[in-house]
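Structural description and commentary
Given next are the chains, with one letter for each unit.
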Amino acid sequence: MGFYSMAVELTDRPCLVVGGGQVGERKVLNLLEAGARVTLVSPEVTRVLADLALARQLVWWRREYQPGDITGMTLVFAVTDDAGLNARVAADCHQAGIWVNVADAPEKCTFMVPSVVRRGDLQIAISTAGKSPALARQLRKQLEAEIGPEYGPWVDFLGELRPFLKKVWPHDQKRREELLRRLAGDEILFRLVARGKEDLAKERVKQCLSLPSV
Ligand SMILES: C[C@@]1(CC(=O)O)C2=NC(=C\c3[nH]c(c(CCC(=O)O)c3CC(=O)O)Cc3[nH]c(c(CC(=O)O)c3CCC(=O)O)/C=C3\N/C(=C\2)[C@@H](CCC(=O)O)[C@]3(C)CC(=O)O)/[C@H]1CCC(=O)O
Ligand SMILES: NC(=O)c1ccc[n+]([C@@H]2O[C@H](COP(=O)([O-])OP(=O)(O)OC[C@H]3O[C@@H](n4cnc5c(N)ncnc54)[C@H](O)[C@@H]3O)[C@@H](O)[C@H]2O)c1
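All residue numbers refer to positions counted from 1 along the written sequence of the respective chain. Each chain takes a letter, starting from A, and each ligand takes a number, starting from 1, following the order in which they are written. pLDDT decides what is reported in this predicted model: residues at 70 or higher carry local features, side-chain atom pairs at 80 or more are listed and counted, and totals for whole chains, interfaces and linings draw on all residues regardless. Excluded from the side-chain calculation are hydrogens and water; included are all heavy atoms of the structure.

Details of the overall build of the protein
- Under the scheme used here, helices are H or I runs from DSSP no shorter than 4 residues and strands are E runs no shorter than 2 residues, and both carry numbers assigned from the N terminus. Each helix and strand in the protein was counted, giving 8 helices and 7 strands.
- We compute the radius of gyration over the C-alpha atoms and compare it with the globule rule, which gives 2.2 Å times the number of residues raised to the power 0.38. Here the C-alpha atoms of the protein give a radius of gyration of 22 Å, more than 25% beyond the 17 Å that 2.2 N^0.38 yields for 214 residues.
- Counting across all 214 residues of the protein, residues that qualify as buried make up 35%.
- Considering only residue pairs separated by 6 or more positions, the protein has 49% of its internal contacts joining residues 24 or more positions apart.
- Of the roughly 13,500 Å² that the protein leaves accessible, carbon and sulfur atoms contribute 52%.
- Counted as positive: Lys and Arg. Counted as negative: Asp and Glu. His and the chain ends are not counted at all. Think of each charge as sitting on NZ of Lys, CZ of Arg, CG of Asp or CD of Glu. Of the charged side chains in the protein, 30 are positive and 27 negative; the average position of the first set lies 4 Å away from that of the second. The buried label goes to any residue with under 20% of its type's maximum accessible area, the exposed label to any with over 50%, and the partly exposed label to all in between, with areas taken from a 1.4 Å probe on protein chains only. Any two residues whose heavy atoms approach within 4.5 Å at even a single point are treated as in contact. Note on areas: Shrake-Rupley with a 1.4 Å probe; residue coverage comes only from the protein chains shown.

In C-alpha cells, the structure reads:
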C-alpha cells in the first residue's frame, strides 16, 4: 500500500497529543513550529513540555486520556508508552473520522510523520512508510549536509520571481515555465543570493528575460 505525501496547513488548528514523553515532545515541537494550537493530555510530561505549558505555548491537561478529548481535533497523536491505550485512542479516532498518528503501531496510523530537512520554506520530507525510521533519520542527515541554509533565501528569491513573471507574461505560460526552470537551476544566481546580493541577482534575471527562449 502506498502513502500520499502532503504539506498540511496547521496554523491555529487544534491538535491533540496524548502522552508527554520523549516522542510526545518531538511531535509537540514540530506542531508548534507549524503554528498549530496544541493540547497535551498526560499525567506526566518532560521538562521541556512543562516549560512550554507554563509559557502558555500549549494547553496541558494533567490527567489520563478520556474518550471525549478528541472531539473537534484536526489531528491526534497517540504517543503514550501504553500500547492498549494508544490502540483505544486510535479506535476512537477511526470511529470519529479524525486523522490519527500512533507511535507504536504504524498499521493503526491514518498518517505518519516523515523525517524533515527544513531550510526556510523549503522542506524535504522522507518517509519509509514506517519500515525504517532510522533510515529516514540517516537520509535526513545526509541531505542536510548537501542542502545548506542558503536554500532558504534561494526559495524566497524564486518565490518573488514567479508573480513578477506572471505580470510580465500573463498569457504565455509555456515561456514562463521555461524561464522559471532555467532560473531555478542557475548556479550564478544561486551563489549571488547565497552571498546576500539579491540586487545583482535581479539584474541578472532582467538579462535572462531578454534572452530568446530555449
Ligand atoms: C521520522 C520520525 C519523525 C518524527 O517522529 O518526528 C519518525 N520516527 C523518528 C525516529 C525514530 N523512531 C524510532 C527510532 C529508533 C530506530 C528504529 O526503530 O528505526 C528512530 C530513530 C532514532 O531515534 O534514532 C522508533 C520507532 N518509530 C516507530 C516505531 C513503532 C513501530 O515501528 O512499530 C518505533 C519503534 C519503537 C520500539 O522499538 O519500541 C514508528 C514511527 N516513527 C515514525 C516517524 C513514523 C514512520 C516514519 C517512516 O519511517 O516513514 C511512525 C510509523 C509513526 C510516527 O511516529 O509517525 C523520526 C525521525 C526524526 C529525525 O529526523 O531525526
Ligand atoms: N514513533 C516514534 O518515532 C517512536 C520512537 C521511539 C519510541 N516509540 C514508541 O512510542 C511510545 C512512547 O515512547 P516515549 O519514549 O515517549 O515514552 P515515555 O515513557 O517517555 O512517555 C510516555 C508518556 O505517556 C504518558 N501516559 C501514560 N499513560 C497515559 C494515559 N493513560 N493518558 C495520557 N498519557 C499517558 C506518560 O505520562 C508519559 O508522559 C513507546 O511505546 C515507544 O514504543 C515511537
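Section: the UniProt feature "domain: Siroheme synthase central" (unreviewed entry) in the protein
- UniProt positions are given in the numbering used here, feature names are shortened, and annotations may be inferred rather than shown by experiment. As annotated in UniProt, the feature "domain: Siroheme synthase central" (unreviewed entry) corresponds to residues 119-145 in the numbering used here.
- Each end of residues 119-145 is marked by a C-alpha atom, and these two atoms are 12 Å apart; helix forms 48% of the span and strand 22%.

Points about the domain arrangement of the protein
- The domain boundaries assigned to the protein delineate domain 1 (14-113), domain 2 (114-147) and domain 3 (151-209).
- Each domain's extent was defined by an automatic or database domain assignment. Once you take the C-alpha centre of each, domain 1 and domain 3 turn out to be 41 Å apart.

Describing the site of ligand 2
- By convention in this text, a residue qualifies as near a molecule or strand provided that one of its non-hydrogen atoms is within 4 Å of it. In the region of ligand 2, 19 residues are neighbours, and Gln 22, Val 23, Arg 26, Glu 44 and Tyr 65 sit closest.
- Within the backbone of Gly 21, one N or O atom sits 3.3 Å away from an oxygen atom of ligand 2.
- In the model, an oxygen atom of ligand 2 is placed 3.1 Å from a nitrogen or oxygen of the Gln 22 main chain.
- Relative to its unbound accessible area of 870 Å², ligand 2 is 68% covered by the protein chains.
- Where the shell around ligand 2 is concerned, the elements lending two or more residues are β1 (14-20), α1 (22-33) and β2 (37-45).
- By residue number, the principal contributor to the shell around ligand 2 is β2, which donates 4 residues. For the purposes of these results, a polar contact is taken to be a pair of N or O atoms within 3.5 Å, where, inside protein, one atom must be able to donate a hydrogen and its partner to accept one; residues adjacent in sequence count only when each atom of the pair is a side-chain atom.

Points about the site of ligand 1
- Surrounding ligand 1, one finds 20 residues, the nearest of these being Lys 27, Asn 101, Ser 115, Thr 128 and Arg 140.
- Arg 26 places a polar side-chain atom, nitrogen or oxygen, 2.9 Å from an oxygen atom of ligand 1.
- Within the contact set of ligand 1, an oxygen atom lies 2.4 Å away from a side-chain nitrogen or oxygen of Ser 115.
- Protein contact buries 66% of the 1,100 Å² of open area that ligand 1 shows by itself.
- Taken atom by atom, the bulk of ligand 1 overlaps the largest pocket. Cavity and pocket criteria rest on a 1 Å grid covering protein atoms alone: a 1.4 Å probe that fits but cannot get out defines a cavity, protein on both sides within 12 Å along at least 5 of 7 lines defines an open pocket, and an atom within 4 Å of a point defines a lining residue. In this description, a molecule resides in a pocket or cavity if more than half of its atoms sit within 2 Å of the grid points defining it.

A word on the packing of helix α7 (residues 187-194) against helix α8 (residues 198-209)
- Between α7 and α8, whose axes approach to 7 Å, the crossing angle comes to 160 degrees. Between α7 and α8, the interaxial angle falls into the category roughly antiparallel. The two elements α7 and α8 cross, and the hand of that crossing is left-handed. Residue-level contacts link Ile 188, Leu 189, Leu 192 and Val 193 of α7 to Glu 198, Leu 200, Ala 201, Arg 204 and Val 205 of α8.
- Across the contact of α7 with α8, the residue classes break down as 7 nonpolar, no polar and 2 charged. Interaxial angles span 0 to 180 degrees and are taken between N-to-C directions of axes, which are lines fitted to C-alpha atoms, for helices over the stretch in contact. In this scheme, roughly parallel covers angles under 35 degrees and roughly antiparallel covers those over 145, while 65 to 115 is roughly perpendicular and the rest are oblique. Take the far helix as the reference: if the near one is turned anticlockwise from it by less than a right angle, the crossing is left-handed, and if turned clockwise, right-handed. Residues are grouped as follows: nonpolar covers Ala, Val, Leu, Ile, Met, Phe, Trp, Tyr, Cys and Pro; charged covers Asp, Glu, Lys and Arg; every other residue, Gly included, is treated as polar.

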